[in-house]
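# Analysis of the macromolecular model
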Amino acid sequence: MPSRSEIDEKPEGTHTMSRALPWIVPLAILLLWQAASQFGVLADQIMPAPTAVAEAFWRVTRSGELLRDIEISTWRAFAGFAVGGGIGFALGMLNGLSQLSEKLTDSTLQMVRNIPHLALIPLVILWFGIGEEAKLFLVALGVFFPIYVNTLHGVRSVDRQLLEMGRAYGMSERAIFWRVVFPGALPSIFVGLRYGLGIMWLTLIVAETISASSGIGFMAMNAREFMMVDVVVVSILIYAALGKLADSVARLLERTCLAWNPVYAEL
Amino acid sequence: MNVSILDTTPDTDLRQSSTGSPVRLRGVTKTFGSQTVLHGIDLDIPAGQFVAIVGRSGCGKSTLLRLLAGLDRPTAGTIEIHGLSTGWRDRVRLMFQEPRLLPWQRVAPNVEVGLSHAEAGADRRRQAFEALGQVGLSGREKEWPAILSGGQKQRVALARALVSHPRILAFDEPLGALDALTRIEMQALIEQVWEDKGFTAIVVTHDVSEAVALADRILLLDAGRVAMDVMVDLPRPRRHGDPVAAAIEGQILDRLLGR
């Protein structure tokens, strides 16, 4: 017979084990990477050691360079997101609610959607130069479509039976919008939001790498010119962290706004 | 958790504030394209009567109910409620086959939907709580609809219909999706609130025994016409298996099945 303490300990142990499990592989890779750099298998010009990357991170943080670049990149990202997402949301709502508006604009928008927005970079540089407008324009254009398409889909897929109920119970058009249509479309809008956030960072990375005089992308390109591979790696990691952060915030918002939905309440 | 329906104490104020309205239909016809669903229906329902409309699928019973709820307009003919041929929509409430609760609103705000026509205020919340008490759901005001059982959701829908003190309550097979026991409970609850509040009740159902258990009068609709109009003069509450009720049920079923 096992003693009581043994029974109690077992689930505790498996729990810690299962939490640690996903970290084993990344940790092993990190150790291997460090070892490979240390023993000269991996050249510093190809990939600096993790410790060198950490040192570079500390260096650019202390000089204030990193914070300034993060600030400017974040500003660009969210300004573009606000413009593109705002227009996408408004048009998605409008086209979901008004057949006339949908007939008039939807097929045009669907055609434009097929143009990869990054293909416009040469044209955008011709139009705006390499100033802020070019990056804002590209981010806004990239973010516009996922938000537009998902908002439209959300409004379209609102439960007809609930709309009928709202009318039968004497709800005003305004009340139907705010209490039935908008909350009904929200899960789909969040899908567009998260997708749009991904495109937002991606577009910004490309735009900043090609043409910028500030921002994280510029920091990376500048470091490349001086063969500072460690700083290049830091920039890449910063982009990843910012993307992850934005997604986490969106998920938190989603969980708060969609608490009524058992699917999200469980997460 | 199921609160017994016997626990609900009817509010005397509400009893006075909600009395039934008479319904009068003259030559009501409804066509969809080339198909005529209702053929010139003439019908008088006195105030406070409990009417059940039965018939096969596609006989026009749901269409008739939608006309009475103001969700559709008749192609020809007139509907008068309380002597008014227009502007009666707020006197009628419709309960659907599905609860149709707003999943993103908690129970109490869902009931307040029934007061949409009235101006917002603290009074709304109080009335919603009262209506929830009437259907035996006191204490569940802050729940999300998703965690309620099918019967409880339908009770919330009933509270939403009752909260505005309708003169006419129309039910479109409201118990169709419920299990047998919950069905019997809901039938008793509907009968009880009808007796307390005195609204005119119109229930569309394909279940003849349910019609006989609940209604004062049963209308059989066939191909868009009233084919049978039977009074059920039995004391309430009715017991399942009463021989007179069984005879009426048999008579209607014979007509429905063409025997």
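Residues numbered from 1 in each chain as written. Chains lettered and ligands numbered in written order. Predicted model: local features only at pLDDT ≥ 70, side-chain atom pairs only at ≥ 80, totals over all residues.

## Quick look at the overall build of chain A
Quick reminder of the rule: A helix here means a DSSP run of H or I that spans at least four residues, while a strand means a run of E at least two residues long, and both kinds are numbered starting from the N terminus. Throughout, the radius of gyration refers to the C-alpha atoms, and the reference size of a globule is 2.2 Å times the residue count to the power 0.38. Exposed residues have 12 or fewer other C-beta atoms within 10 Å of their own C-beta, buried residues have 20 or more, and residues in between are partly exposed; the C-beta atoms are placed from the backbone.
Summing up its helical and strand segments, chain A has eleven helices and zero strands in all. Ordered by position from N to C terminus, the α and β elements of chain A give α-α-α-α-α-α-α-α-α-α-α. Compactness check: chain A gives a C-alpha radius of gyration of 24 Å against a globular reference of 18 Å for 267 residues, more than 25% above the reference. Expressed along its principal axes, the backbone C-alpha trace of chain A runs to roughly 80 × 75 × 30 Å. Relative to its 267 residues, chain A shows a buried fraction of 31%.

## Focus on helix H7 (residues 160-168) of chain A
Residues and elements named next belong to chain A. Filter applied, for reference: In this description, one arc is meant: the one made by directions from the helix axis to the C-beta atoms.
Three or more residues of H7 are buried, namely Leu 162, Met 165, Gly 166 and Ala 168. What you see down the axis of H7 is that its buried residues fit within an arc of 165°, all on one side. Among the residues trailing H7, Gly 170 stands out with phi positive, at a value near 70°.

## Details of the sheet that holds strand E9 (residues 225-231) of chain B
Residue and element names in this part refer to chain B. Note the threshold: When DSSP finds two or more bridges between a pair of strands, those strands are recorded as paired. Simply put, an axis is a line fit to the C-alpha atoms, just over the touching stretch for a helix, and the angle between two N-to-C directions goes from 0 to 180 degrees.
Strand order in the open sheet made by the six strands is E5-E6-E7-E3-E8-E9, with mixed pairing throughout. Where the open sheet ends on each side, the last strands, each with one partner, are strand E5 (92-95) and E9. Going across the sheet, the axis of each strand differs from the next one's by a mean of 20°, ignoring polarity. As paired elements, strand E3 (residues 50-54) and strand E7 (residues 200-204) share four bridges and run parallel to each other. Considered in E7, the bridge of Ala 52 is made with Val 203.

## Side note on unusual backbone geometry
All names here are of chain B. Arg 236 connects to Pro 237 through a cis peptide bond whose omega is -5°. Take Pro 237: it is sitting in the loop between E9 and helix H8 (243-257). Phi is positive for His 82, close to 60°, though the residue is something other than glycine. Along the polypeptide, His 82 turns up in the loop between strand E4 (76-81) and E5.

## Considering the pairing of strand E6 (residues 168-172) of chain B
Residue and element names in this part refer to chain B. The cut-off we apply is this: When the strands point away from the viewer and the connection leading from the first strand across the helix to the second strand turns clockwise, the crossover is called right-handed.
The buried count for E6 comes to five of five residues, which makes it a mostly enclosed element. Because side chains alternate across E6, one face comprises the buried residues Ile 168, Ala 170 and Asp 172, and the other comprises Leu 169 and Phe 171, equally buried. Inspection of the sheet shows E5 paired to E6 by four bridges, in the parallel sense. Considered in E6, the bridge of Leu 94 is made with Ala 170. With five bridges connecting them, E6 and E7 associate as parallel partners. Note on E7: the bridge partner recorded for Leu 169 is Ala 201. Taken together, E6, helix H6 (residues 180-197) and E7 constitute a β-α-β crossover, and its handedness is right-handed.

## Here's the deal with the domain arrangement of chain A
Short version of the rule: An automatic or database domain assignment provides the domain bounds reported here.
Along its sequence, chain A is carved into domain 1 (1-42) and domain 2 (50-265). Taking the mean C-alpha position of each, domain 1 of chain A and domain 2 of chain A sit 36 Å from one another.

## A few points about the sheet that holds strand E1 (residues 23-32) of chain B
Residue and element names in this part refer to chain B. Counted only if it meets this: By definition, residues are in contact whenever their C-beta atoms, placed on the basis of the backbone, come within 7 Å of each other.
Taken in spatial order, the three strands line up as E2-E1-E4 in an open sheet, and their pairing is antiparallel. If you trace the sheet from one side to the other, it starts and ends with strand E2 (35-45) and E4, each paired once. If you compare each strand with its neighbour and ignore which way they point, the axes differ by 20° on average. Direction of pairing for E1 relative to E2: antiparallel, over a ladder of seven bridges. From the neighbouring strand, Leu 25 faces E2, where its bridge partner is Leu 43. Sitting on the sheet, helix H2 (residues 61-68) is in contact with E1, E2 and E4, with an inclination near 120° to E1.

## Concerning the pairing of strand E8 (residues 217-222) of chain B
Residue and element names in this part refer to chain B. Here E3 runs beside E8; their pairing, made up of four bridges, is parallel. Considered in E8, the bridge of Ile 53 is made with Leu 219. Where E8 lies against E9, six bridges are found, and the strand directions are antiparallel. The partner of Leu 220 across the bridge, within E9, is Met 228. Hairpin connection between E8 and E9: a loop of two residues separates the two successive antiparallel strands, and Ala 223 in this loop has a positive phi of roughly 50°.

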